[in-house]
Amino acid sequence: MERYTTPTTPPVYKQMSQEGYDHTAVEKRWQEAWADASVYRTPDDVDDPTYVLGMYPYPSGKLHMGHVRNYTITDAYARYRRMRGDDVLHPMGWDAFGLPAENAAKERDTNPRDWTFDCIDTMRGQMRSMGFGYDWDREIATCTPDYYEWNQWLFRRFHEEGLAEQRDAEVNWCPDCETVLADEQVEGEDERCWRCDHLVEQRELEQWFLSITEYADELLDCIDDLDGWPDSVRQMQRNWIGRQEGTRLTFAVSGDGVDESVEAFTTRADTAFGATFFALAPDHPITEELVAADDDVREFVEEVADPEGDEPNGVATGLTATNPVTGAELPVFVADFVLSDVGTGALMGVPGHDDRDHAFAEKTGVDVVPVVAPEPEGYDPETDAVPDAPDVSEAAFTDDGVAVNSGDYSGLRSADARAAITADTDGAALTTQYRLRDWGISRQRYWGTPIPVVHCHDDCGSVLVPEADLPVELPEFINTTGNPLDAAEEWKATTCPECGGPATRETDTMDTFVDSSWYFLRYVSPDLADAPFDPDRADDWMPVDQYVGGIEHAVMHLLYSRFVTKFLADAEGLTTREPFTNLLAQGMVQLDGEKMSKSVGNVVSPQRIVDEYGADTARLFMMQAAQPERDFDWSEEGVRSTYRFITRLTRLVEEYANAGGSTVTDADPDPAVAAYVDDEIDAAVAVATEEYDDLTFNVALREAQGLVGTLRNYVDYAAPADPAVLNRGLSVAVRLLAPVTPHVAEELYETLETDAEPGETPAFAVDADWPTSDADRGTAEMRRRLVENTREDVRQIVDVAGIEDPSAIDVVIAPDWKYDALEIAIASDADNLIGELMQESHIREEGDAAAAYGQDLQAEREALSETLPGDDEYEALRAAAWLIEREFDAPVSVTRAADAADDVVRKAEPGRPAIDITE
RNA sequence: GCGGGGGUGGCUGAGCCUGGCCAAAAGCGGCGGACUUAAGAUCCGCUCCUGUAGAGGUUCGAGGGUUCGAAUCCCUUCCCCCGCACCA
């Protein structure tokens, strides 16, 4: 067969060979062109743009594959929305504060600021080389005073609203480094400093807290409405907040000179009659009194208690606690499984109905009393007798059931017993407990936002720095073992804003999660000098429509951002209360099933891939490899194959463009084949568009790549190709790929468009219109299935019948009356289908054939499904006939029933044409 | 333990919400063919079993159930991954 010939090679592809196209030249060219034309700029006056955001990175200095995947997802989606005609806001910035910069500065004898900005410059360059289309005019770096001033402003606002306070807290403290360590920086069982290997201590320090717990209920309840978020993240946030409804009971603890009321929290007030002991945490205030007086308790607390261990350990104190529900006197233990930060640090022990209490009772010999029985089938508390108590000597019964051995409450269901006991008991009250703690934001580090507070040497205490004096800027970095801010004597010395007397600056800086809890608002108006964000524009532009980032931020960053957004809504009148409408937690890029990590040494450098194959290949490979939220394995073979695909595409376009002026050949294009290609183009658009909307790029790209394959086949085997159809097909394919392979798309789009409109300045593919089609996906898929099934049937016949070399293949569409009959059968619910069919005269006229087909339909009654109408089947198969011809090298005829022999027609059914092969 | 997500053909992995067109997409691997001096690349097929005209049989962790019909819905059970957890 004739091939589309290539008379000359255009300049850009001079180097193109089997190895591929010149990606370096193409990518550089378009990156410059985009920058020159500011195509990614989002003007301030656009109306409600689609806000697409990737979690901003810590500027480590090197882009890794995780970044590339994250930002390719947002970039592809942003580009897609842009082509659909949306205004798009797609900014980028830097989470630029943090300890690594401090450590790097010490190692390299520089300072965190210079080091960080170097890293930012490098990474910005790498992002540009990936072709990410950001509005760099909106770039932010949290380590600039312009930005962190507003962290300080935010702190002030929290303080003014009574939601920031300073209090003592236990922290990890490395005496050698003289700094606080985050939990993640404490290593090993014996808790050593990650930097100097010194043993870490717990220390009580004055720390600043933001009262996120004030928002616990709203943060929890609103999770239900975040239906654009993955369930996993929503569940993790629910767990983290950990709201529990229960009862607060007041126990009178006495003996040995102690006589106090102690509160205990329980979710199972219905088991109060089964309480046989009372337990205090090793660091409970009463325990601390006892430690001084009682050697056994002291020894237990200091030597035996092992809160990390699995065994419940405890020591009897000789005190008794009065059960407020029953009046019973319970022995009081100090036990290591009681945690001071859970509930109230004291609990009533119910061994009959709690596994851990049961284990403790076995160990200490306290009584085990059953007070809840499993609810009998059909139990009615009003009329039925109280069930027998279960045997709990071996194991606790922990489910809800029916109260037994519980005085007046016996017979009540657990839930009712809880309510009644809570209502009847003096000092008892329903309360809600949370696992969520207030957000400790103090860090004893240099490279962060200074907390805008001074400590007055006289009597003013801790005083906020007035708004007019913000920002409190960081002093020069001092290379020291402790907190450099502590060593900055000049900086520390200041005056009290209230009394004007001498004062010392707060040397704590803020957790960097403060920076990231509102950065998405700063992009709205990044240069605004007198407010963190422009309120009107923020109301218009927020929330973020599509947020993309790693699952590791499921709780911290995403919860803090929700908290701060809600706070700003209440305190500043921001109209949005949830910052991120849709959230995508992208999967990991792995190598041999393992997370890429430096320590394992299995890191693939994006830079190398870009150098070798180009950014487009890297992007396309990643996006087609898997759904964005799934992990996938990096595969060099896959990358190469993606590269070859792009090379083939460029070659196809180039061949078309070169032949474009002289497509006149002797023969006319076959309209049937052109129609097939046209249909495939429409189908590809219909499918890919839906999938881009869902961010399932892998499916969309499969469609785009499939279309390219179809076009190649068309050019290769059905020459001459119809230039109009081919042009449309190529243009569509290029645009369907453009969000993911922007550079090569520009190059090819230019080739195609310039060719079509000589002399006109080519528009950017970035700004091109997304292709449209009237095709309905369902219909298109039905058509594809028909074609594929028919080809498959031909193959089977040839194979099974052992036909060596078919000389002709006839495909015959079923007669119209069968389509009618099928339609009637699907719609009908009559018992006697045949009778119903025979009411149609044109079916009845078919006699035995109609009866036979009617019986077939009757037999498969429930399984019948719609097919394409007969005319459409005819057209679809005619258009696809070339595929069969090409495969079997035999002429294929597609005919209507009326034009075919009766004995062949008989086998034809809607959706399944008769096939007659002549050997 | 609690909560969430899974177990599909040689492998990876879609389908399951909305049961029938599902022996089950796609990719990889394997086999055959075309092209090539050859290799590579590319292209066309095949890849559970049986079958000389598009057929039949046995499959979607295991067991049961619902249904005319189940990879898909329900129940039980086993296993894997993730998050939380001596949480009162």
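Residues numbered from 1 in each chain as written. Chains lettered and ligands numbered in written order. Predicted model: local features only at pLDDT ≥ 70, side-chain atom pairs only at ≥ 80, totals over all residues. Heavy atoms only, no water.

S.K.: Describe the overall build of chain A, naming the residues involved and giving the relevant values.
M.R.: Helix and strand counts for chain A come out as 31 helices and 33 strands. Here chain A has a C-alpha radius of gyration of 37 Å; the compact-globule value for 919 residues is 29 Å, and the former is much larger. Once the C-alpha set of chain A is aligned to its principal axes, its extents read approximately 110 × 80 × 50 Å. In chain A, which comprises 919 residues, the proportion classed as buried is 53%. Long-range pairs, those at least 24 residues apart, make up 75% of the contacts in chain A between residues at least 6 apart in sequence. (Helix = DSSP H or I, 4+ residues; strand = E, 2+ residues; numbered from the N terminus. Rg over C-alpha atoms; globule rule 2.2 N^0.38 Å. Buried < 20%, exposed > 50% of the residue type's maximum accessible area, 1.4 Å probe, protein only. Contact = heavy atoms within 4.5 Å.)

S.K.: Could you give an account of the packing of helix α26 (residues 816-827) against helix α29 (residues 848-859), with specific residues and numbers?
M.R.: In the contact formed by α26 and α29, the axes pass within 11 Å of each other and the chain directions differ by 35 degrees. α26 and α29 meet at a crossing whose hand is right-handed. Touching Trp817, Lys818, Ala821, Leu822 and Ala825 of α26 are Ala849, Ala850, Tyr853 and Leu857, all from α29. Residues that form the contact of α26 with α29 fall into these classes: eight nonpolar, no polar and one charged. (Axes fitted to C-alpha atoms, helices over the stretch in contact; angles between N-to-C directions. Left-handed = near helix turned anticlockwise from the far one by under 90°. Nonpolar A, V, L, I, M, F, W, Y, C, P; charged D, E, K, R; others polar.)

S.K.: Any chance you could break down the sheet that holds strand β31 (residues 808-812) for me, citing the residues and the numbers?
M.R.: Pairing in this open sheet of three strands is mixed, and the strands run β32-β31-β33 from one edge to the other. Because the sheet does not close on itself, it has two edges, and the strands there are β32 (892-895) and β33 (914-918). Sheet twist, expressed as the mean angle between neighbouring strand axes with direction ignored, is 15 degrees. The pairing of β31 with β32 spans four bridges and is classified as parallel. When the bridges of β32 are listed, Ile809 appears paired with Val892. Most of the contacts of helix α30 (residues 870-888) go to β32, to which it runs at about 165 degrees, and overall it touches β31 and β32. (Pairing = 2+ DSSP bridges.)

S.K.: Requested: an account of helix α5 (residues 145-160), with residues and values cited.
M.R.: Over its 16 residues, α5 extends 22 Å from the first C-alpha to the last, a length consistent with the 22 Å expected when each residue adds 1.5 Å. By the criterion of burial, α5 is predominantly enclosed, with twelve of the 16 residues buried. Those residues of α5 that sit buried are Tyr147, Tyr148, Glu149, Trp150, Asn151, Gln152, Trp153, Leu154, Phe155, Arg156, Arg157 and Phe158. Phi turns positive one or two residues past the end of α5, at Gly162, with a value near 75 degrees. (Expected span 1.5 Å × (residues − 1).)

S.K.: Could you give me a rundown of the pattern of salt bridges, with the residues and numbers involved?
M.R.: Counted under the stated rule, the structure contains 56 salt bridges. With its nearest N and O atoms 3.0 Å apart, the salt bridge here joins Lys363 to Glu311. Of this pair, Lys363 sits in helix α10 (residues 355-364) while Glu311 is found in the loop between α9 (295-304) and β13 (314-322), placing the two residues 52 residues apart along the sequence. For Lys363, a relative accessible area of 44% gives the class partly exposed. The closest approach of N and O atoms between Arg784 and Glu680, which form a salt bridge, is 3.1 Å. In this pair, Arg784 is assigned in helix α25 (residues 777-800) and Glu680 in helix α21 (residues 671-693), connecting sequence segments 104 residues apart. Sharing partners across several salt bridges, the network here consists of Arg41, Asp44, Asp135, Asp137, Arg138 and Arg537. (Salt bridge = Lys/Arg side-chain N within 4 Å of Asp/Glu carboxyl O.)

S.K.: So, the packing of α21 against α25: which residues are in play, and what are the values?
M.R.: Look at α21 against α25: their axes get within 9 Å of each other, and the N-to-C directions meet at 130 degrees. Judged by the inter-axis angle, α21 sits oblique to α25. In terms of crossing hand, the pair formed by α21 and α25 is left-handed. Residue-level contacts link Asp679, Glu680, Ala683, Ala684, Ala686, Val687, Glu690 and Glu691 of α21 to Arg777, Ala780, Glu781, Arg783 and Arg784 of α25. In terms of residue class, the contact of α21 with α25 is built from five nonpolar, no polar and eight charged. (Parallel < 35°, antiparallel > 145°, perpendicular 65-115°, else oblique.)

S.K.: Go over the confidence of the model for chain A with me, naming the residues and quoting the values.
M.R.: Where the model shows low pLDDT, its predicted coordinates should not be examined in detail. Taken residue by residue, chain A gives an average pLDDT of 87. The fraction at 70 or more is 94%. Within chain A, no element has a lower average pLDDT than strand β7 (residues 186-187), which sits at 65, and none a higher one than helix α15 (residues 519-522), at 98. Scored below 50 in pLDDT, residues 1-18 makes 39 contacts in the model with residues more than four places away or belonging to other chains. Here the prediction assigns the complex a pTM of 0.90, and the interface score ipTM is 0.86. (pLDDT = per-residue confidence, 0-100.)

S.K.: Describe a negative patch on the surface, and please don't skip the residues or the numbers.
M.R.: There is a patch of like negative charges on the surface, built from Asp168, Glu170, Glu204, Glu206, Asp283, Glu288 and Asp341. Counting only elements with at least two residues in the negative patch, the list comes to β5 (164-174) and β9 (201-210). For Glu204, the location among the structural elements is in strand β9. (Patch = residues over 30% accessible without salt bridge, like charges linked within 9 Å, V, L, I, M, F, W, Y side chains within 5 Å. Areas by Shrake-Rupley, 256 points an atom, 1.4 Å probe, with all protein chains shown as cover. Lys, Arg positive; Asp, Glu negative; His and termini not counted. Charge placed at Lys NZ, Arg CZ, Asp CG, Glu CD.)

S.K.: Would you mind going over the nonpolar core in detail, with residue names and values included?
M.R.: Membership of the largest hydrophobic core comes to 184 residues, with the highest contact counts inside it found for Tyr519 and Trp634. Among residues more than four places away in sequence, those in contact with Tyr519 are Leu53, Gly54, Met55, Tyr56, Ile140, Tyr147, Tyr547 and His557. Judged by nonpolar contacts, the second largest core, of 29 residues, contains Val262, Ala264, Ala275 and Leu319. (Core = buried A, V, L, I, M, F, W, Y, C linked by side-chain atoms within 4.5 Å.)

S.K.: Can you explain the sheet that holds strand β26 (residues 544-550)? Please cite residues and give values.
M.R.: Within the open sheet, the four strands sit side by side as β2-β1-β26-β27. Their pairing is parallel. Looking along the sheet, the strands with just one partner apiece sit at the ends: β2 (88-89) and β27 (580-586). Here β26 pairs with β27 via six bridges, running parallel. Each bridged residue has a counterpart across the sheet, and for Val548 the counterpart in β27 is Leu584.

S.K.: Please give an account of the side chain of Thr72 that cites residues and values.
M.R.: Examined against the element boundaries, Thr72 turns out to sit in helix α2 (residues 65-83). In this structure Thr72 comes out as buried when scored by relative accessible area, which is 0%. Contact partners of Thr72, with chain neighbours within four places excluded, come to Phe132, Arg619 and Met623.

S.K.: I'd love a proper account of unusual backbone geometry, names of residues and values included.
M.R.: For the peptide bond that leads from Leu470 to Pro471, omega is 0 degrees, which places it in the cis range. In this fold, Pro471 is placed in the loop between β22 (462-464) and α12 (484-487). The residue after Met542, namely Pro543, is reached through a cis peptide bond having omega -5 degrees. Along the chain, Pro543 falls in the loop between α16 (535-541) and β26. With a phi angle near 35 degrees, Asp48 is a residue other than glycine that sits in the positive phi range. Mapped onto the secondary structure, Asp48 falls in the loop between α1 (23-37) and β1 (50-54). The phi angle at Asn405 is positive, at roughly 50 degrees, despite the residue not being glycine.

S.K.: Quick one: what's the story with the pairing of strand β10 (residues 244-255), residue by residue and with numbers?
M.R.: As judged from the five bridges shared by β10 and strand β18 (residues 429-433), these two strands associate in the antiparallel manner. Across the sheet, Glu245 pairs through a bridge with Thr432, a residue of β18. Alignment of β10 against strand β11 (residues 258-266), held across nine bridges, turns out to be antiparallel. Each bridged residue has a counterpart across the sheet, and for Arg248 the counterpart in β11 is Phe265. Inspection of the sheet shows β10 paired to β13 by three bridges, in the antiparallel sense. Looking at β13, one finds that Val253 is bridged to Ala321.

S.K.: Would you mind going over the state of the cysteines in detail, with residue names and values included?
M.R.: Throughout this description, disulfide means a covalent bond between two cysteine sulfur atoms. Counted according to the given criterion, the structure contains zero disulfides. Take Cys143: it sits in no disulfide, and the sulfur closest to it among the cysteines is that of Cys119, at 11 Å. The structure places no disulfide on Cys499, whose sulfur is separated from the nearest cysteine sulfur, that of Cys456, by 3.5 Å. A residue is classified by how much of its surface remains accessible, and Cys499, at 39% relative accessible area, is partly exposed. (Disulfide = S-S within 2.5 Å.)

S.K.: Help me get a handle on the packing of aromatic side chains, residues and values and all.
M.R.: What describes a pair of aromatic rings is the distance from one ring centre to the other and the angle between the planes of the rings. If you walk through the whole model with that rule in mind, you get 39 aromatic pairs. Residues Trp817 and Tyr853 carry aromatic rings whose centres are separated by 6.0 Å and whose planes lie at 85 degrees to one another, so their mutual orientation is edge-to-face. Pair noted here: Trp817 is in helix α26 and Tyr853 is in helix α29, with a separation of 36 residues, a long-range link. Looking at Trp817, the relative accessible area reads 8%, which means it is buried. For the cation-ring pair, Arg537 lies above Trp541, with the distance from its terminal atom to the ring centre recorded as 5.8 Å. (Phe/Tyr/Trp six-rings, centres within 6.5 Å; stacked < 30°, edge-to-face > 60°. Lys NZ or Arg CZ within 6 Å of the ring centre and 35° of its normal.)

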